[in-house]
Amino acid sequence: MSINTISQNKQRQSFHDFDEIWLFGYGSLIYKVDFPFIEKAPASIIGWQRRFWQGSDDHRGTPQQPGRVVTLIQSALDECSGMAYKVTQDVFEHLDYREKNGYLRYEVDIYFKGLESDNIKNANYKKGVVYIAHEDNVAFLGEASEHEIALQVHRCSGPSGHNRDYVFQLADALQALGDNDEHVISIERILKQLNRKV
């Protein structure tokens, strides 16, 4: 199921056209920040929605029992909230490895919400980079009901821990940002019910 995208990502952006490099995180990059950054700010991207449609056999599952993690699906009327990080180019050596299972880097406009520094106070948006696992990657699991997703998540774990912890940590991080993502909240609620039955 794995597809290693490291070499593809190294060829996707040279970053020479970037005055500064902003990375948009919408999943584990919100709460598991294991890379250095210069500054961060709550932000969003327009025309995308977060969905638990990507398989994970390298972090939150195994090749025999892949977990589910979030990717972005195009949706013209939606806005996806997350966290933006101003970074240097060298962090992508680590991030390309971390996001190697089907995720490719894409350029997006990142719109800032709570502007924390003088550098971005006068800018509504910045050009940035986001990792997206599109439906043509072999790890893509696709659409399922939130109940089916929760059942799969409930029974999966991998090198990075239980799949359900990914959901709980993401839900907590989004709540702290003031984002009521109905898809995530619904899966979290079902998982909590399943945990009580164990």
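These numbers were taken from a predicted model, which means no experiment stands behind them.

Chemist: Can you walk me through the overall build of the protein in this structure?
Modeler: Across its full length, the protein carries six helices and seven strands. In sequence order, the secondary structure elements of the protein are arranged as α-β-α-β-β-α-β-β-α-β-β-α-α. In terms of its C-alpha atoms, the protein occupies a principal-axis envelope of roughly 50 × 35 × 30 Å. Looking at the 198 residues of the protein, the share that counts as buried comes to 54%. In the protein, once contacts between residues fewer than 6 apart in sequence are set aside, the share between residues at least 24 apart is 79%. Element-wise, carbon and sulfur atoms account for 45% of the exposed surface of the protein, whose accessible area totals about 9,800 Å².

Chemist: Would you explain the pairing of strand 4 (residues 104-112) in this entry?
Modeler: Consecutive side chains of a regular strand alternate in pointing toward one face of the sheet and then the other. Two strands pair when backbone bridges link them, and strand 2 (residues 39-56) and strand 4 are joined in this way by two bridges, in the antiparallel orientation. Pairing of Ala 43 across the sheet is with Phe 112, part of strand 4. Bridging between strand 4 and strand 5 (residues 125-132) involves eight bridges; their strand directions are antiparallel. Each residue of the ladder has a partner; that of Tyr 111, found in strand 5, is Tyr 125.

Chemist: So what exactly am I meant to see when it comes to the packing of aromatic side chains here?
Modeler: Ring pairs (aromatic) are described by centroid distance and by the angle formed between their planes. Taken as a whole and assessed by the stated rule, the structure comprises nine aromatic pairs. Considering the side-chain rings of Trp 22 and Phe 112, the 4.9 Å spacing of their centres and the 70° angle between planes classify their relative orientation as edge-to-face. Of this pair, Trp 22 sits in strand 1 (residues 21-25) while Phe 112 sits in strand 4, and the two are 90 residues apart along the sequence. Plain terms: the ring middles of Tyr 31 and Tyr 166 are 6.2 Å apart, the flat faces sit at 80° to each other, and that makes the pair edge-to-face. One end of the pair, Tyr 31, is in helix 2 (residues 28-31); the other, Tyr 166, is in helix 5 (residues 163-176), and 135 residues separate them in sequence. Among the residues examined, Tyr 31 registers a relative accessible area of 22% and is labelled partly exposed. Take Tyr 166: its relative accessible area is 5%, and that puts it in the buried class. Three or more aromatic residues link up through ring pairs in this structure, and these residues are Phe 15, Phe 18 and Phe 92.

Chemist: How do you make sense of empty space enclosed by the protein when you look at a structure like this?
Modeler: It is the rolling of a water-molecule-sized probe over the atoms that shows where space remains empty. By the definition in use, this model includes one cavity of 30 Å³ or more. Lining the largest cavity are 22 residues, and of these Ser 28, His 59, Glu 99, Tyr 103 and Tyr 166 lie nearest its centre. Counting residues per element, the ones that place at least two in the lining of the largest cavity are strand 1, helix 2, strand 2 and strand 3 (67-87). Top contributing element to the lining of the largest cavity by residue count: helix 2, with three residues. Here the lining of the largest cavity is composed, by residue class, of nine nonpolar, eight polar and five charged.

Chemist: I would appreciate a short explanation of helix 3 (residues 91-98) in the present structure.
Modeler: Residues spaced three or four apart along an α-helix point in a common direction, a consequence of the helix completing one turn every 3.6 residues. Every buried residue of helix 3 is listed here: Val 91, Phe 92, Leu 95, Asp 96 and Arg 98. Buried positions in helix 3, seen along its axis, are confined to an arc of 160° and lie on one side of it. Those residues of helix 3 that are exposed and aimed more than 90 degrees away from the buried face are Glu 93 and Tyr 97. Taken together, the buried residues of helix 3 touch helix 1 (6-10), strand 1, helix 2, strand 3, strand 4 and strand 5.

Chemist: How should the side chain of His 183 be read in this particular structure?
Modeler: By the secondary structure assignment, His 183 is in helix 6 (residues 182-197). Beyond its immediate sequence surroundings of up to four residues, His 183 is in contact with Arg 50, Arg 51, Phe 52, Trp 53, Glu 146 and Ile 149.

Chemist: Looking at this structure, how should I read the pattern of salt bridges?
Modeler: As a working rule, side chains carrying opposite charge can pair if their charged atoms are close by. With the rule as written, the count across this model stands at 11 salt bridges. Among the ionic pairs, Asp 181 bridges to Arg 50, the shortest N-O distance being 2.9 Å. Pair noted here: Asp 181 is in the loop between helix 5 and helix 6 and Arg 50 is in strand 2, with a separation of 131 residues, a long-range link. The two residues Asp 181 and Arg 50 agree in class, both being buried. Lys 100 is the salt-bridge partner of Asp 58, the closest N and O atoms lying 3.6 Å from each other. On the criterion of sequence distance, the pair formed by Asp 58 in the loop between strand 2 and strand 3 and Lys 100 in the loop between helix 3 and strand 4 is long-range, its members being 42 residues apart. Note on Asp 58: relative accessible area 18%, which makes it buried. With relative accessibility at 17%, the residue Lys 100 sits in the buried group.

Parameters at a glance
- Residues numbered from 1 in each chain as written.
- Predicted model: local features only at pLDDT ≥ 70, side-chain atom pairs only at ≥ 80, totals over all residues.
- Heavy atoms only, no water.
- Helix = DSSP H or I, 4+ residues; strand = E, 2+ residues; numbered from the N terminus.
- Buried < 20%, exposed > 50% of the residue type's maximum accessible area, 1.4 Å probe, protein only.
- Contact = heavy atoms within 4.5 Å.
- Areas by Shrake-Rupley, 256 points an atom, 1.4 Å probe, with all protein chains shown as cover.
- Pairing = 2+ DSSP bridges.
- Phe/Tyr/Trp six-rings, centres within 6.5 Å; stacked < 30°, edge-to-face > 60°.
- 1 Å grid on protein atoms, 1.4 Å probe; cavity = no way out; pocket = protein on both sides within 12 Å on 5 of 7 lines; lining within 4 Å.
- Points joined across faces, edges and corners; volume = space filled by probe spheres on them.
- Nonpolar A, V, L, I, M, F, W, Y, C, P; charged D, E, K, R; others polar.
- Arc of directions from axis to C-beta.
- Salt bridge = Lys/Arg side-chain N within 4 Å of Asp/Glu carboxyl O.

Honestly, that's just the spatial picture; any functional story needs more than this.
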